[in-house]
Amino acid sequence: MEQTSLISVIVPCYNEEEVLPLFYAEITKISAQMQEKHPELRFEYLFIDDGSKDHTLRYLRALARKDERVRFISFSRNFGKEAGIYAGLQNAKGDYCVVMDADLQHPPAFLPTMYEAVASGEYDCATTRRVSRKGESKIRSWFARLFYRIMNKISQTEIVDGAQDFRFMTRQMVDAVLSMSEYNRFSKGIFSWVGFRVKYLEYENVERAAGTTAWSFWGLFRYSIEGIIGFSTAPLSVSVVLGLLSCVAAVIIIIATIIKTLVFGEEVSGFPTLLCSIFFMGGLQLFCMGILGIYLSKTYLEVKNRPIYLVRETEENMPPAPAEDEAK
Ligand code: UDP
Ligand code: MG
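The written sequence of each chain sets the order in which its residues are numbered from 1. For this description, chains carry letters from A and ligands carry numbers from 1, given in the order in which they are written. Only residues with pLDDT of at least 70 are given local features in this predicted model, and only at 80 or more are side-chain atom pairs given and counted; all residues enter the totals for whole chains, interfaces and linings. Side-chain measures here rest on the full set of heavy atoms in the structure, leaving out hydrogens and waters.

Thoughts on the site of ligand 1
Whether a residue is near a molecule or strand is decided by its heavy atoms; if any one of them lies within 4 Å of it, the residue is near. As a matter of local geometry, ligand 1 sits amid 16 residues, with Pro12, Glu16, Asp50, Asp103 and Gln105 nearest to it. Polar contacts, as counted here, are pairs of nitrogen or oxygen atoms within 3.5 Å of one another; within protein the pair requires one atom able to donate a hydrogen and one able to accept it, and residues that are adjacent in sequence qualify only if both atoms are side-chain atoms. Asp50 is positioned with one of its side-chain polar atoms (N or O) 2.6 Å from a nitrogen atom of ligand 1. Only the protein chains shown count as cover for residues, and all accessible areas are computed by the Shrake-Rupley method using a 1.4 Å probe. When ligand 1 is considered free in solution it has 530 Å² of accessible area, and contact with the protein chains removes 87% of it.

Observations concerning the nonpolar core
Throughout this description, the term nonpolar core refers to a set of buried Ala, Val, Leu, Ile, Met, Phe, Trp, Tyr and Cys residues connected via side-chain atoms within 4.5 Å. Between buried and exposed lies partly exposed: a residue is buried under 20% and exposed over 50% of the maximum accessible area for its type, with that area taken using a 1.4 Å probe on protein chains only. By size, the foremost hydrophobic cluster in this structure holds 39 residues, and its most contacted members are Ile7, Val9, Phe47, Met100, Leu111 and Phe168. A per-element tally of this core places helix 1 (residues 20-37) first, with six residues. Leu111 has contacts with Ile27, Ile30, Met34, Val98, Met100, Phe166 and Phe168, leaving out every residue within four places of it along the chain. With 35 residues, the next largest nonpolar core counts Phe79, Ile190, Tyr223 and Tyr309 among its residues. Runs of H or I in DSSP of at least four residues are treated as helices and runs of E of at least two as strands, each being numbered from the N terminus. The contact criterion used throughout is that any non-hydrogen atoms of two residues lie within 4.5 Å.

A few points about helix 1
A helix is expected to span 1.5 Å for every residue after the first. Helix length check: helix 1, at 18 residues, gives a terminal C-alpha distance of 26 Å against a target of 26 Å (1.5 Å per residue), a fit within 8%. When we look at burial in helix 1, the residues that qualify are Leu20, Phe23, Tyr24, Ile27, Thr28, Ile30, Ser31 and Met34. Where helix 1 is buried, its residues touch strand 1 (5-13), strand 2 (41-49), helix 2 (56-66), strand 3 (70-75) and helix 4 (111-119).

Examining the pairing of strand 4 (residues 96-99)
A regular strand carries its side chains on alternate faces of the sheet. Covered by surrounding structure in strand 4 are Tyr96 and Val98 together with Cys97 and Val99, the residues of both alternating faces. Whether two strands pair depends on DSSP finding at least two bridges between them. For strand 1 and strand 4, the ladder comprises four bridges, and the chain directions are parallel. Paired with Ile7 across the strands is Tyr96, a residue of strand 4. Where strand 4 and strand 6 (residues 163-170) come together, four bridges link them in antiparallel fashion.

So, the state of the cysteines
Cysteine sulfurs are considered disulfide-paired once they come within 2.5 Å of each other. Under the definition given, this model contains zero disulfides. With no disulfide of its own, Cys13 lies 16 Å from the sulfur of Cys97, the closest cysteine sulfur. Here Cys97 is not disulfide-linked; the sulfur of Cys125 is the nearest cysteine sulfur, at 11 Å. A relative accessible area of 0% means that Cys97 is categorised as buried.

Structure representation (structure tokens):
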């Protein structure tokens, strides 16, 4: 018999009860198509319930009872998508792993092409790149672009604009990603940092199939700060540059004042200037201390070495089926 290869489909889910049935239908359809062409392929679907508050977990239990390819890990609370991805990669058994969103914004129809690219041995990873941000608000797209521009200027790790967490990877690359066990996880940076040969497939943005996004504007803002702090130390040098600049300015002002006093004689004035410079310097110092503080707080959390996620339930220890679940 030919050797089989297992593909693990990892899906972080947070309040996705509306969209999961659609996703499951779609992914099983694509899997069947792929198996027709490559009979050696096997699949496992590993759903990560990230402390959902709706009936996501109940649906996953029912699914796991019905379909033995379905596995799930349910967190003790919401740990965030990054933790979900990590848990998925850690627990996946596949020779290949693919990480994708539950909302069908990462179309399963890409899987065959991704598989071909990676299985041919030419690439270690296949991923998608959005070439448009259709359906997204203008201001959000603008900030997103600004983020990529800043990020790529100040960090050695290149983050491709429009790159996504939709990744098809070999076991080798998964192990490399897992070896980065940091607490403050920024997947886009991590995937790029580990390197390997990556194939980018381009596509137009698609809107969520159902449900609503869990990302608020501030959530995204915090996430981008996470990215910058996690993959660049450039902000730390800001204080050095600003400090130098204000020293130079101070020397110039001192020389100018001395000359002025010598030439025009002494006069008591310049209180507004004094006040302005005090405020300016104070602001500058607080700003630089703030940057230091952010790095320090990230280091603090990292040093504590807390677990990235905590599991409450998996398909192996789920409660026996109540009558209502079977109906679903
Ligand atoms: N997600 C998660 N934990 C969270 C937030 C989101 O696991 O705390 C999952 C969510 O269920 C979805 C994916 O991450 O499968 C992407 O989330 P969403 O569609 O809300 O983000 P967007 O597509 O707007 O970036
Ligand atoms: Mg989405």
